[in-house]
Amino acid sequence: MKLPLTLLTALVLAPVAVLRAADNCIVENGQPRAEIVVAENRPRMTTLAALELRQFIERMSSARLPIVTVPTPGTRVKIHVGESVATQRLGVVGEGLRDGAYRIATGADWVVLLGADRDFEPKAMPWPLKRNDAPRAEAEWKKLTAGKSDAAWGFPFASGFKAYWNPADFLPQMAARYGEDFPKLWGGKNGFWNYDQSGSLNAVHAMLRQLGSHFFMPGELGEVVPKKATLTVTAQNATVRPDFALRDWNWYNFSSFEYDDLVWARRVGMNSCHEALGPLKGPHGLVAVMESAEMKAKHPEYYALIGGKRDTEHREGGTPCFTSVGLEAETVRYLRYLYNTFDVPSVDIWPVDGLRGCQCEKCAGKSASDLVWGFADRVARQLLQSHPTKRVTCGAYTSYVQPPSALAKLSPNLAVWISNQGRPLMTDAEHWAESTALIEAWRLRIAPGNLLRLENNRYHIWGDKTPIAHPVLHPRGVARDLKMLKGVSIGDTGEQSQVNGKWRAPALEHITLYVQSRFLWDADQDVDAVLKQYCADFYGPAASDMDEAIAFAEQNLAFKDQSRSRGRGSPANVTPAVAMKFRDLLDAARKAAGDTIYGKRIQAIIDELQPREQVIAKYRQRDEELAAARANAPVATSGKEFRLKDNNAANTPATVPTTFLMSWEANALVFDIVCHEPEMKKLNIAGDVHNGDCVAISIETPQHSYYHLEINPDGTIAEGNPGSNWKSLAEVKTERGPDSWRLRVRLPVVGEAEAQSDPRHRIAGTKPTTESPWWFNIGRQRMLDLNKPELQAFSPTKAGWHVPTKFGKLVVE
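None of the values given here were measured: they were computed from a predicted structure.

**Q** Describe the sheet that holds strand β21 (residues 414-419), naming the residues involved and giving the relevant values.
**A** Backbone hydrogen bonds hold the strands of a sheet together, and the pairing may be parallel or antiparallel. The parallel open sheet is built from six strands, whose spatial order is β16-β23-β22-β21-β20-β19. Every other strand in the sheet has two partners, leaving β16 (246-247) and β19 (346-348) as the edge strands with one partner each. Inspection of the sheet shows β16 paired to strand β23 (residues 491-493) by two bridges, in the parallel sense. What sits directly across from Arg 247, in β23, is Asp 492. Those strands touched by helix α12 (residues 325-342) are β19 and β20 (391-396), and its axis lies near 150 degrees from that of β19.

**Q** Got a sec to walk through helix α7 (residues 199-210)? Specific residues and values, please.
**A** Given a rise of 1.5 Å per residue, twelve residues ought to cover 16 Å, and the 17 Å separating the end C-alpha atoms of α7 matches this to within 8%. Burial analysis of α7 places eleven of its twelve residues in the buried class, the great majority of the element. If you check which residues of α7 are buried, you get Gly 199, Ser 200, Leu 201, Asn 202, Ala 203, Val 204, His 205, Ala 206, Met 207, Leu 208 and Arg 209. Positive backbone phi, approximately 110 degrees, marks Gly 212, located one or two places after α7.

**Q** Outline the environment of His 299, supporting the account with residue identities and numerical values.
**A** Along the polypeptide, His 299 turns up in the loop between α11 (293-298) and β17 (305-306). The buried category is assigned to His 299, whose relative accessible area is 10%. Along the primary structure His 299 and Ala 151 are separated by 148 residues, whereas in three dimensions their C-alpha atoms are 8.1 Å apart. Here Glu 301 takes part through its side chain, which lies 2.8 Å from a polar atom of the side chain of His 299.

**Q** Account for unusual backbone geometry, with residues named and values stated.
**A** A cis amide bond links Gly 282 to the next residue, Pro 283, at an omega of 5 degrees. Topologically, Pro 283 is positioned in the loop between α9 (274-277) and α10 (287-290). Residue Thr 398 is not a glycine yet carries a positive backbone phi of 45 degrees. Inspection of the secondary structure assignment puts Thr 398 in the loop between β20 and β21. Judged by its relative accessible area of 53%, Thr 398 is exposed. Located in the positive-phi region is Asn 420, a residue other than glycine, with phi close to 50 degrees. Structurally, Asn 420 is set in the loop between β21 and α14 (429-443).

Cut-offs and rules
- Residues numbered from 1 in each chain as written.
- Predicted model: local features only at pLDDT ≥ 70, side-chain atom pairs only at ≥ 80, totals over all residues.
- Heavy atoms only, no water.
- Pairing = 2+ DSSP bridges.
- Helix = DSSP H or I, 4+ residues; strand = E, 2+ residues; numbered from the N terminus.
- Contact = heavy atoms within 4.5 Å.
- Axes fitted to C-alpha atoms, helices over the stretch in contact; angles between N-to-C directions.
- Expected span 1.5 Å × (residues − 1).
- Buried < 20%, exposed > 50% of the residue type's maximum accessible area, 1.4 Å probe, protein only.
- Polar contact = N/O pair within 3.5 Å; in protein donor to acceptor, adjacent residues only side chain to side chain.

Structure, rendered in structure tokens:
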């Protein structure tokens, strides 16, 4: 038997249930023919599951089913929600159901909907229950950990109260939604935790989907609840397990959201990472080891040596020195304490955000990946000996996203969060190849079950309240990624586009999020079929128009855009023509839907977008501002020598001279750069280039904005467009004298046709002329052993290198 579910369904036969499998009419012609049965003593999520079932059955049929703890004698169908003595007698139990898995079973006059339901109880930990309880909890932590370190650790549970939803009007709010009997049914403590497990709720919503109800978006506008006078549960016996154990959306303060937002996530089968990873899943868990004032004072050697000083203040936690034997031992002590005292299943040691490179003798010359993962592996191997069933996590992120070259295999208890691989770009062939290669490289180094995905989906809050000119819809991208990850990754977490306890643009964002939630359960689905069914259910007569609009929005994202700092790019940075076309498609869909609920849903999307006249004005203003910013830009012409200036001043020559000549040679741009240096013995040669002495070259051509290279005195290049997926194929020659170092850089240039056939190599453009100039900048970073690096530039930015509005003009005469 194959169930009509969109979920992955593994049929499991229960001996008693199979014999009794039968259809059950639970509402007939608007009259209740069933009752909902729950255990007398039950978790709160079991109660919520029963309430949700009653509410939506009533909304569909107008029949209100009673909720009882003792079955009523008679012929009524008994719908058992959650495990109880009665379900055990029927042979339907929750044993072995993890990570939200559930069972649906039927028999003569009964239905069972159950999964693992557990109340999160923070009593075993020094856990703040509300914001003003944090000082009490932290004091308890300090008392518990006194003497465990010769300094002190940070407080890892400080924000725990944010995971508890308990508004002041909890009981009246929920009673207004679920009925006057809510307080009696709920019982016990008000509110609920994000960490509460709710397998039975998954079973209830799966059955509601079978009956025709769907939950596409938060709030009543996002619900599809058909009117049916008669409701029948078809015969079935199934155990449904998700393809991914972790199905987590990070909440920016769970406690501050509206109930509609939170319950929607449960209705589509999302969970927290708590069952598998506990409360210390990360990211950036290593900060807790290092952030206390006592630790900084007692052990400065734990912190990175940068510019001759130990960096104890970066982002308040400081930058780690990964070759510090003391820091390694301190981290092991911290994790062992957490495992022993609170029995947490996993602890994260991902380092501080914005990681900087240590310049101590042991760290110098090593890649960030080798340093971070070498440290994490050494810590994990010690913990494997003392706590073999526990997990350690760390993140593959920014400069340490690649696997370490120095380690063929990581400790079998060490898990990697592969982060921010750009799911909106997964339908682009080049990006897909790069992403899958990274996953495979990590898979070969870790034990099965130790690959996790952290993918931030914050595209609609870049710029906070900036209007959305073009949405970053990517249902096909997320579906493709999850298909590839099935059986490889154990699941997802990640930040979302949320601001001040609200989804930034739910009418737009739910399209991607809904597909993500479905594929986390069943990654084998056909995404086109899922989207067509979604459009039919949600947009009615405008289904085909909306299907076209969604496909157009995703297919025309700015896959190659590199407009943001360090080439992170914005997929939303589309052309005005694309932005206008998307609005035209929405307008057509809105017209087709008419003045109906379907039309209101499309109008909600339109209302979240920036009006078309504002979009046109924005693009015009951007072009005008760029032209104005560059109106007085300095000009570099071929054959003339130019000297760099102090990057923090408008027109002041740098104290230590740097000069360059530019020329054009056989379809190549050539720079001859001389860096005078009175302290040649103190040159700082960093393996990652940008944390040491180096020259930076940024180039924008009429075909591309922009390319970026950083080159150290050894000729090592760090480059991108400005993202890391491009190589210049530059020829670099270096020289060193008694008081200077020199670079001769030859950059090959190709025409538009060749660049399109191979966009990941060489510069796209034609010879820069007065009529068609290029824009560029050359900078120099003097690191040496200075407390603060000295920056120079041809066109000073008063910031870093990635400021295209400050580029100078480049002309070959």
